[in-house]
Amino acid sequence: MLLKYLSILYNNCNKAIIVLKISKIEKHTKAHKCFRLIKFKIKFYLCISMQNNSKNSVLVVENDSAVLDHLSKRFKKLGMYVITARDGYEGYTRACKESPDFIICETLLSNVNGFRMSRLLKSDERYKNIIIILITTNDLEMVNDTYQASGADNILKKPFKFSELMKYLNIK
């Protein structure tokens, strides 16, 4: 057998380093080529999976394509894993399936509005620790009672600066 054992070490960047111990393999043999291919596939797969697990994830629920695309690009530039949804029902199901670290959600959505989606997630023990930021075009004083009842962590009025959003998410 070519492969005696495989051990996986993790460095401080959360990337996997593969250490393969093998018995004697002569260079330029089929076994040597096969070993190099196996080593590459394992190293590539584990590095990809470790990177995906170490990223913060954000779910952006927005019915305006321009805003959705802009926020997605900005979060991707920060190295975050971005999940998108175009209505409240899709946002709620994606949040339940993927449990993101943060949710940015428009309040005026079809099917399930942002306030209700926030209330549903915050009332569920599994999702209550997700940071939810609502964004709205409405006057904040008019929606304050609904916002308080939703359990969301914060609310922003459109238009807003991305740096302001990042402040509420505690990301620099």
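Fair warning: this is a prediction, and the values are worked out from it, not measured in the lab. Within each chain, residues carry numbers counting from 1 in the order of the written sequence. A pLDDT threshold of at least 70 governs which residues receive local features in this predicted model, and a stricter bar of 80 or more applies before side-chain atom pairs are shown or counted, although totals over entire chains, interfaces and linings include all residues. Computation of side-chain values: all heavy atoms of the structure, hydrogens and water removed.

Further remarks concern the overall build of the chain. Secondary structure elements are taken from DSSP: a helix is a run of H or I of four residues or more, a strand is a run of E of two residues or more, and numbering for both begins at the N terminus. The secondary structure content of the chain amounts to six helices and seven strands. Along the chain, helices and strands appear, N-terminal first, in the series β-β-α-β-α-β-α-β-α-β-α-β-α. Three labels apply to residues, based on accessible area from a 1.4 Å probe with only protein chains included: buried if under 20% of the type maximum, exposed if over 50%, partly exposed otherwise in between. Residues classed as buried in the chain amount to 37% of the 172 residues present. We call two residues in contact when some of their heavy atoms are within 4.5 Å. Contacts in the chain between residues at least 24 apart in sequence constitute 52% of all its contacts with a sequence separation of at least 6. Computed with a 1.4 Å probe, the accessible areas rest on the Shrake-Rupley method; for each residue, only the protein chains presented here act as cover. A total of about 11000 Å² of accessible surface is found on the chain, and carbon and sulfur atoms cover 52% of it.

Note on pairing: two strands pair once DSSP finds at least 2 bridges between them. Strand order in the open sheet made by the five strands is β4-β3-β5-β6-β7, with parallel pairing throughout. Either end of the sheet is taken by a strand with one partner, and the two such strands are β4 (81-85) and β7 (154-157). Across the sheet, the mean angle separating the axes of adjacent strands is 20° when strand polarity is ignored. Pairing of strand β5 (residues 102-106) with strand β6 (residues 131-136), which is carried by five bridges, proceeds in the parallel orientation. By the bridge assignment, Phe-102 is partnered in β6 with Ile-131. Contacts from helix α2 (residues 65-77) reach β3 (57-61), β4, β5 and β6 within the one sheet, and its direction differs from that of β4 by about 165°. For helices, the fitted axis covers only the stretch in contact; all axes are lines through C-alpha atoms, and the angles between them, taken along N-to-C directions, range from 0 to 180 degrees.

It is worth spelling out unusual backbone geometry at this point. Cis geometry is found at the peptide bond from Lys-158 to Pro-159, where omega equals -10°. With respect to the helices and strands, Pro-159 occurs in the loop between β7 and α6 (162-169). The phi torsion at Asn-111 lies on the positive side, around 70°, for a residue other than glycine. Residue position: Asn-111 is located in the loop between β5 and α4 (114-122).

Here we come to the environment of Tyr-89. Topologically, Tyr-89 is positioned in helix α3 (residues 88-98). Between the C-alpha atoms of Tyr-89 and Gly-114, which are 25 residues apart in sequence, the distance is 9.6 Å. Among all residues touching Tyr-89, those that are not within four sequence positions of it are Ser-110, Asn-111 and Val-112.

The subject of this paragraph is the pattern of salt bridges. Each salt bridge in this description consists of a side-chain nitrogen of Lys or Arg and a carboxyl oxygen of Asp or Glu lying within 4 Å of one another. On inspection of all chains with the given rule, the structure shows six salt bridges. With a closest N to O distance of 2.9 Å, Glu-98 and Arg-94 form a salt bridge. With a gap of four residues between them, Glu-98 and Arg-94 both fall in helix α3, about one helical turn apart. Relative accessible area serves as the criterion here: at 30%, Glu-98 is assigned to the partly exposed category. One continuous salt-bridge network, built from bridges that share partners, spans Glu-62, Glu-106 and Lys-158.

In this section: the packing of α3 against α4. Running from N to C, α3 and α4 point in directions that differ by 20°, and their axes come no closer than 10 Å. Relative to α4, the element α3 is oriented roughly parallel. For the crossing formed where α3 meets α4, the hand is right-handed. Between α3 and α4, the contacting residues are Gly-88, Gly-91, Tyr-92, Ala-95 and Cys-96 on the first element and Met-117, Leu-120 and Leu-121 on the second. Amino acids outside the nonpolar list (Ala, Val, Leu, Ile, Met, Phe, Trp, Tyr, Cys, Pro) and the charged list (Asp, Glu, Lys, Arg) are all regarded as polar, and Gly is one of them. The class makeup of the residues in the contact of α3 with α4 is six nonpolar, two polar and no charged. What sets the label is the angle itself: under 35 degrees gives roughly parallel, over 145 gives roughly antiparallel, 65 to 115 gives roughly perpendicular, and the rest give oblique. Each crossing gets its hand from how the near helix is turned against the far one by less than a right angle, where anticlockwise is left-handed and clockwise is right-handed.

Let us now look at the nonpolar core. As used here, the term nonpolar core means buried Ala, Val, Leu, Ile, Met, Phe, Trp, Tyr and Cys residues forming a set that is joined through side-chain atoms within 4.5 Å. Core analysis: the largest hydrophobic core is formed by 20 residues, its most contacted members being Ile-103 and Leu-134. Residue assignment for this core shows that the elements contributing at least two residues are β3, β4, β5, α4 and β6. Here the element with the most residues in this core is α4; it accounts for three residues. One finds Leu-68, Phe-162, Leu-165 and Ile-171 within the second-largest nonpolar core, a separate group that totals 18 residues.

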